[in-house]
Amino acid sequence: MSWDRFKQHYLFIETLDFALDISRMDFADDYLEVMKPKIDQAIIAMEELEGGAIANPDENRMVGHYWLRDASLAPTPELKKEISDCESAIKAFAAKIHSGEIKGSDGKFEHLLCIGIGGSALGPEFVNQALGNPTNDPMTIHFFDNTDPNGMDKVLAQLKGKLGKTLAVVTSKSGGTPETRNGMVEAENAWTKAGLKFGPHAVAVTGLGSKLDKHAVAEGWLTRFPMWDWVGGRTSELAAVGLVPAALSGFDIDAMLKGAKEMDAVTRVKDFRQNPAALMALMWFYATDGVGKKDMVILPYKDRLELFSRYLQQLVMESLGKELDLDGNTVHQGIAVYGNKGSTDQHAYVQQLRDGVLNFFATFIEVHTDRAGESPFVEEKFTSGDFLQGLLLGTRDALYEKGRESITISVRDVSAHTIGMLIALYERAVGFYGSLVNVNAYHQPGVEAGKKAAASTLELRQQILDALSAKPGEAFTAEQLASELGLVSKTELIFKLLEHMAANQNRPLRKLIGDPFYESKYLMEQ
Ligand code: PA5
């Protein structure tokens, strides 16, 4: 890698103290010029999207996450007002919680239980990991981000005796996602068991008129914050979904929004060579041949950014992983994303990155400031942070020597401002890439399909229970039960459901172990 190539392909944005280095991506000299018409078109499409076009045609929706950090861009006066009213309401609510003006049944709120999943959880989890300082923050945050009973028990154990000082934030744009609903019901049960009312400890973030919204009104919850249909779940960190927990945690939400707004300004630039999001999308296209041939490995060398790859996994894969393109052609698009943090990952999978199958490109994220204040020397003249940067640079070289390409992003620190910048950078890079490969990056039919499939297994579970309850004491193998129900094609599913029900204590369903395993029988106790 020559210094000349580095100078040519290192984009430094002084106002943001931000740099993007694409010099270690080995695209041909004419690649950027060849791609100019395509990326110019993507920039125009983005301009239309920001102007209020129906950029999510499958759901007939506008795509407005960029307005959240600059309400003046919203296409109507009503939307401008809704955005700024929501922001003011969040700040006012957080101030009242912090001052104790609004308190729980046992006093000032000290804990926050965020209940949500996917786009309604990953952003807050990432931001909390990045900005949280448990010893100073006004509230300690906890998450229910799944319908795993044991996972919820673990969280509730930490909150034992503290529910009267815990504020629950239930977040669901649709207001009907089963995992979140279950989390809410389990939380309600926990409060009731503790002899407390849930409503005075609860807040909803949801679409106006959704099931959750109605439930919150009916149960007298403290307040509700809106989720608009023009903000997608995975781009909602700077909507109420992310801002409510961030403000309650005491993070500087103005700085987050400012960072995003400033990154938006530089990623709106028409000259794509000066536009970091456009260059990133072009690198993704180059690396993957525009068909997802290689995975994107995200390697931030900073513990606080450990959840960034998880957050990006959703942002990138849910946005770009699509069966059809915008013209209805079958394309099976997408880019797989994984990663954790350096240098920890060097002692895990980086071995394969360097020497194994060449099916990835890496993105290193370098943070210049090691810590607030001085660092001790861990060797005569070196700090731990010197080692961390050394390991990043060394690994990047070691990969490049073996023909493994990488992008490097450099930021000054892990502050609220930087987090806003990074979120905005990737949101726009994903949008540009969606245009380059001609997919709708703003819908998620696969997620909806999963939700439907889960619902149908619940129906089948009910059929099994009904059939066994109708013949108490009579034992059936999965095969016998399937034929009894006239559902032979579903025998495997029936077997799985029986095994699960027999392992749990809610129902008097017993398993008589058979050999081989499929001779096992199941019965409902008399
Ligand atoms: O990004 C998305 O749209 C999804 O991941 C959703 O955020 C997720 O399914 C949760 O949906 P909801 O907020 O409606 O409960």
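An unreviewed UniProt entry lists the protein under the name Glucose-6-phosphate isomerase, with Cerasicoccus arenae as the source organism. UniProt annotates the protein under Function (unreviewed entry) with the comment "Catalyzes the reversible isomerization of glucose-6-phosphate to fructose-6-phosphate." Per UniProt, the protein has the following entry under Sequence similarities (unreviewed entry): "Belongs to the GPI family."

## Concerning the UniProt feature "active site" (unreviewed entry) in the protein
Per the UniProt record, the feature "active site" (unreviewed entry) sits at Glu318, His347 and Lys451. Sequence-wise these annotated residues cover 134 residues; spatially they are dispersed, their C-alpha atoms as much as 36.9 Å apart. With respect to the helices, strands and loops of the structure, Glu318 is situated in helix 11 (residues 308-320). Judged by its relative accessible area of 22%, Glu318 is partly exposed. Residues in contact with Glu318, not counting those within four places in the same chain, are Arg234, Gln313, His443, Gln444 and Val447. Here the side chain of Glu318 touches Arg234 through a polar contact of 3.0 Å, side chain to side chain. Since its relative accessible area comes to 31%, Lys451 is described here as partly exposed.

## Some words on the site of the ligand
Around the ligand sit 15 residues in total, of which Ser172, Ser174, Thr177, Gln314 and Glu318 are the nearest. Within the backbone of Gly119, one N or O atom sits 2.9 Å away from an oxygen atom of the ligand. In the environment of the ligand, an oxygen atom lies 2.7 Å from a nitrogen or oxygen atom belonging to the side chain of Gln314. Relative to its unbound accessible area of 380 Å², the ligand is 91% covered by the protein chains. When residues of the shell around the ligand are traced back to their parent elements, those giving at least two are helix 11 and helix 15 (445-470). For the shell around the ligand, the per-class residue count stands at two nonpolar, nine polar and four charged.

Quick notes on the rules
- Residues numbered from 1 in each chain as written.
- Predicted model: local features only at pLDDT ≥ 70, side-chain atom pairs only at ≥ 80, totals over all residues.
- Heavy atoms only, no water.
- UniProt positions renumbered as here; feature names shortened; annotations may be inferred.
- Helix = DSSP H or I, 4+ residues; strand = E, 2+ residues; numbered from the N terminus.
- Buried < 20%, exposed > 50% of the residue type's maximum accessible area, 1.4 Å probe, protein only.
- Contact = heavy atoms within 4.5 Å.
- Polar contact = N/O pair within 3.5 Å; in protein donor to acceptor, adjacent residues only side chain to side chain.
- Near = heavy atom within 4 Å.
- Areas by Shrake-Rupley, 256 points an atom, 1.4 Å probe, with all protein chains shown as cover.
- Nonpolar A, V, L, I, M, F, W, Y, C, P; charged D, E, K, R; others polar.

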